[in-house]
Amino acid sequence: MVSQSAIENFRASLRCQSLCPGEPGYDAARGIHNATIERRPAIIARCAGAADVISCVRFAREHDLLVSVRGGGHSIAGKAVCDGGLMIDLSGMKGIRVDPAKRTVRAEPGLTLGEFDRETQAFGLATTLGVVSKTGIAGLTLGGGIGWLVRKYGLACDNVTSVDIVTADGHLLIASATENDDLFWGVRGGNGNFGVVTSLEYRLYEVGPVLAGGVLYPVEKTREVLRFFREFTRSCPDELSTQALTFEMPGVGPVVAIGGCHCGSITEGEKVLRPLRTFGSPVADLFGVMPYVQLQSMFDAFFPPGRHDYTKANFLNGLSDEAIDVFGEYATAPSPYTFGVIEHLEGAFSRVGTTENAFAHRQHPYNFSIWASWSDPVDSEKNIKWTRNFWEAMRPFMAAGAYVNYLEDEADPQGREAYGPSYERLVALKDKYDPTNFFRMNHNIKPSQPLPAASAA
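This report concerns the structure included in the present document. Values in this document were obtained by computation on a predicted structure and should not be read as measured data. (Residues numbered from 1 in each chain as written. Predicted model: local features only at pLDDT ≥ 70, side-chain atom pairs only at ≥ 80, totals over all residues. Heavy atoms only, no water.)

### Focus on helix H9 (residues 266-277)
Turning to step 1, where the next piece is worked out: Considered for burial, the residues of H9 that qualify are Gly269, Val272, Leu273 and Leu276. Buried residues in H9, looked at end-on, bunch into an arc of 85 degrees, giving them a common side.
Turning to step 2, where the next piece is worked out: Two or three places before Thr267, at the start of H9, stands the capping residue Ser265, its side-chain oxygen 3.3 Å from that residue's backbone nitrogen. (Buried < 20%, exposed > 50% of the residue type's maximum accessible area, 1.4 Å probe, protein only. Helix = DSSP H or I, 4+ residues; strand = E, 2+ residues; numbered from the N terminus. Arc of directions from axis to C-beta. Polar contact = N/O pair within 3.5 Å; in protein donor to acceptor, adjacent residues only side chain to side chain.)

Pasting the structure below:
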């Protein structure tokens, strides 16, 4: 228990707004994208800068409070919000500065992908981020960051050149290739286990209008389309990122689609995409030349906040006929809002060394995920059961590794798989920077011998 006077003194010391249960704005502030998650922090601190974050960490340590960290609030596992503890809300920290000469950008963790892309595209620049513009940049990047530019420029975390981070002892550190380089290695793929990142610097690349969209087919053609997808991806240039997915298209019904983005020459993109756009008898061809920011918001309408969400995911060793048959069997979901997705990786993603940063899963050609989503909580059991059955049926084709950003809360025991060969090295970093496991509201890397909070200085 924390005394009321201590809470009041803490709140008065902050530059930012803070909220407690019952106060106006509290319920809106604790809400996150996944409506399945229902938690009530004792205090929400809506940080204005690094000083507020430092104050939050020190107060929580002093009073042994559970801490959660919110950026965009899109963590499918709901790690952004805790029960009875202190929620460090970074969503108001939206500073960003682009250096077009150096092709770098310094960005704060409250930015969404859309906000980040709008600023960098003002200079014709971009870097790999996700595919839904409302997602926060920080959590996505710390866990990896798969997006439309991944085959050309690697993951989001591959393009981070430094971070400012408040560690568990309440100190602000710079982590880069020349300062605290061990920590720099770990934050790129370590998923927030080592502190609160208050800014990130990224490399940027020239990205103009892209040739992007998708080709849609009747869902009954799923097996045929996936066999084509398998062959097509074997010769894709790095400039082309693609994914195959099943979902329900408003006004059309259940479909199987191949979506893609070619980020190079439009003329070359038209040549590369011709086999896809002339395959079979599509329901629709939605490919076209568009601004990159338009592409980045293409999926937004399919992922509104307030729905109940559940995911299962794993890397795949390949796309065998047997795997395709299983995927086809589950092509129609119980909810019209559910997606089955296979993302093609390789390219620049696979050319980063497995020890270059903490994201070690570089050898897998595909990433498989099920994004189950529904509106009415009464449908939860049905949708979760279907998702688990689909995932179990795909298990024989899965690699020993999972993409941590797509994992549900129940996947925590799979930590070794989520972090793969990096796990033991990450544990050593945890021992050094967070020996009490202060930052544990994440897909957790536990210290080898957790110390009591009072003994960690």
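### Thoughts on the pairing of strand E5 (residues 96-99)
Turning to step 1, where the next piece is worked out: In this structure, E5 lies alongside strand E6 (residues 104-107), joined through four bridges in antiparallel fashion. In the sheet register, Asp99 faces E6, and the bridge partner there is Thr104.
Turning to step 2, where the next piece is worked out: In this structure, the hairpin formed by E5 and E6 is closed by a connection of four residues, where Arg103 is found at a positive phi of approximately 55 degrees. (Pairing = 2+ DSSP bridges.)

### Looking at the side chain of Asn159
Turning to step 1, where the next piece is worked out: Tracing the backbone through its elements, the reader meets Asn159 in the loop between helix H6 (150-153) and strand E8 (160-166).
Turning to step 2, where the next piece is worked out: Engagement of the side chain of Asn159 in a polar contact is seen with the side chain of Tyr205, the distance being 2.4 Å.
Turning to step 3, where the next piece is worked out: In contact with Asn159, other than residues within four places in its own chain, are Thr127, Thr128, Tyr153, Gly154, Glu201, Tyr202, Arg203 and Tyr205. (Contact = heavy atoms within 4.5 Å.)

### A few points about the environment of Glu392
Turning to step 1, where the next piece is worked out: Here Glu392 shows up in helix H12 (residues 380-394).
Turning to step 2, where the next piece is worked out: Spatially, the C-alpha atoms of Glu392 and Lys312 are 9.7 Å apart, while their sequence positions differ by 80 residues.

### Some details on the nonpolar core
Turning to step 1, where the next piece is worked out: In terms of nonpolar packing, the biggest core is built from 38 residues, with Phe116, Ile137 and Val163 touching the most fellow members.
Turning to step 2, where the next piece is worked out: For this core, the secondary-structure elements that each account for two or more residues are E6, helix H4 (113-121), helix H5 (137-142), E8, helix H7 (181-187), strand E10 (196-203), helix H13 (415-419) and helix H14 (423-433).
Turning to step 3, where the next piece is worked out: Look past the residues within four positions of Phe116 in its chain and what remains in contact with it is Ile96, Val105, Ala107, Thr127, Leu129, Ile137, Tyr202 and Leu204.
Turning to step 4, where the next piece is worked out: Membership of the second largest hydrophobic core comes to 35 residues, among which are Cys236, Ala323, Phe368 and Met394. (Core = buried A, V, L, I, M, F, W, Y, C linked by side-chain atoms within 4.5 Å.)

### As for the layout of surface pockets
Turning to step 1, where the next piece is worked out: The volume enclosed by the largest pocket comes to roughly 200 Å³.
Turning to step 2, where the next piece is worked out: Considering the residues around the largest pocket, the lining is formed by 15 residues, among which Leu216, Phe247, Leu286, Met298 and Phe299 are closest to the centre.
Turning to step 3, where the next piece is worked out: Among the elements of the structure, strand E12 (210-218), strand E13 (240-249) and strand E14 (253-262) are those that each provide at least two residues to the lining of the largest pocket.
Turning to step 4, where the next piece is worked out: Per-element tally for the lining of the largest pocket: the top contributor is E14, with four residues.
Turning to step 5, where the next piece is worked out: Residue composition of the lining of the largest pocket, grouped by class: 11 nonpolar, four polar and no charged. (1 Å grid on protein atoms, 1.4 Å probe; cavity = no way out; pocket = protein on both sides within 12 Å on 5 of 7 lines; lining within 4 Å. Points joined across faces, edges and corners; volume = space filled by probe spheres on them. Nonpolar A, V, L, I, M, F, W, Y, C, P; charged D, E, K, R; others polar.)

### Digging into unusual backbone geometry
Turning to step 1, where the next piece is worked out: Even without a glycine there, the phi angle at Arg103 is positive, about 55 degrees.
Turning to step 2, where the next piece is worked out: Within the secondary structure, Arg103 is located in the loop between E5 and E6.
Turning to step 3, where the next piece is worked out: In this model, Asn191 sits at a positive phi of 65 degrees, which is unusual for a non-glycine residue.

### Observations concerning the sheet that holds strand E4 (residues 86-89)
Turning to step 1, where the next piece is worked out: Taken in spatial order, the four strands line up as E1-E2-E4-E3 in an open sheet, and their pairing is mixed. Strands with a single pairing partner mark the edges of an open sheet, and in this sheet they are strand E1 (17-19) and strand E3 (67-70). Taken pair by pair, the neighbouring strands of this sheet meet at an average axis angle of 20 degrees, ignoring direction.
Turning to step 2, where the next piece is worked out: Taken together, the four bridges between strand E2 (residues 43-46) and E4 define a ladder with parallel strand orientation. Bridge pairing in E4 links Ile44 to Met87.
Turning to step 3, where the next piece is worked out: Contacts from helix H3 (residues 50-62) reach E2, E3 and E4, with the element oriented near 165 degrees to E4. (Axes fitted to C-alpha atoms, helices over the stretch in contact; angles between N-to-C directions.)

### Some points on the packing of aromatic side chains
Turning to step 1, where the next piece is worked out: Per the stated rule, a full pass over the model turns up 24 aromatic pairs.
Turning to step 2, where the next piece is worked out: On the basis of an interplanar angle of 80 degrees and a centroid distance of 5.5 Å, the ring pair of Phe247 and Phe302 is categorised as edge-to-face. Taken as a pair, Phe247 in strand E13 and Phe302 in the loop between helix H10 (292-296) and strand E17 (308-316) lie far apart in primary sequence, 55 residues in all.
Turning to step 3, where the next piece is worked out: According to the relative accessible area criterion, Phe247 is buried, its value standing at 9%.
Turning to step 4, where the next piece is worked out: On the numbers, 5.6 Å between centres and 70 degrees between planes, the contact of Phe327 with Phe390 is edge-to-face. Taken together, the residues span a long stretch of sequence, with Phe327 in helix H11 (residues 321-329) and Phe390 in helix H12 at a distance of 63 residues. No difference in accessibility class separates Phe327 from Phe390, as the two residues are buried.
Turning to step 5, where the next piece is worked out: Through a chain of ring-to-ring contacts, the aromatic side chains of Phe247, Phe302, Phe303, Phe339, Phe349, Phe359, Trp371, Tyr403 and Tyr406 assemble into a single cluster.
Turning to step 6, where the next piece is worked out: Note that Arg188 overlies the ring of Phe184, its terminal NZ or CZ placed 3.7 Å from the centroid.
Turning to step 7, where the next piece is worked out: Stacked on the ring of Phe349, the Lys or Arg Arg362 has its end atom at 5.4 Å from the ring centre. (Phe/Tyr/Trp six-rings, centres within 6.5 Å; stacked < 30°, edge-to-face > 60°. Lys NZ or Arg CZ within 6 Å of the ring centre and 35° of its normal.)

### Section: the pairing of strand E9 (residues 172-176)
Turning to step 1, where the next piece is worked out: Across five bridges, the pairing between E8 and E9 is antiparallel. The partner of Asp164 across the bridge, within E9, is Ile174.

### Quick word on empty space enclosed by the protein
Turning to step 1, where the next piece is worked out: For the structure shown, the criterion picks out six cavities of 30 Å³ or more.
Turning to step 2, where the next piece is worked out: In this structure, the second largest cavity encloses a volume near 80 Å³.
Turning to step 3, where the next piece is worked out: Lining the second largest cavity are Val131, Ile146, Gly147, Trp148, Val150, Ser241, Thr242, Gln243, Glu343 and His344.
Turning to step 4, where the next piece is worked out: Elements with a minimum of two residues in the lining of the second largest cavity: E13 and strand E18 (339-344).
Turning to step 5, where the next piece is worked out: Considering each element in turn, the lining of the second largest cavity owes the most residues, three residues, to E13.
Turning to step 6, where the next piece is worked out: Looking at the lining of the second largest cavity, its residues break down into four nonpolar, five polar and one charged.

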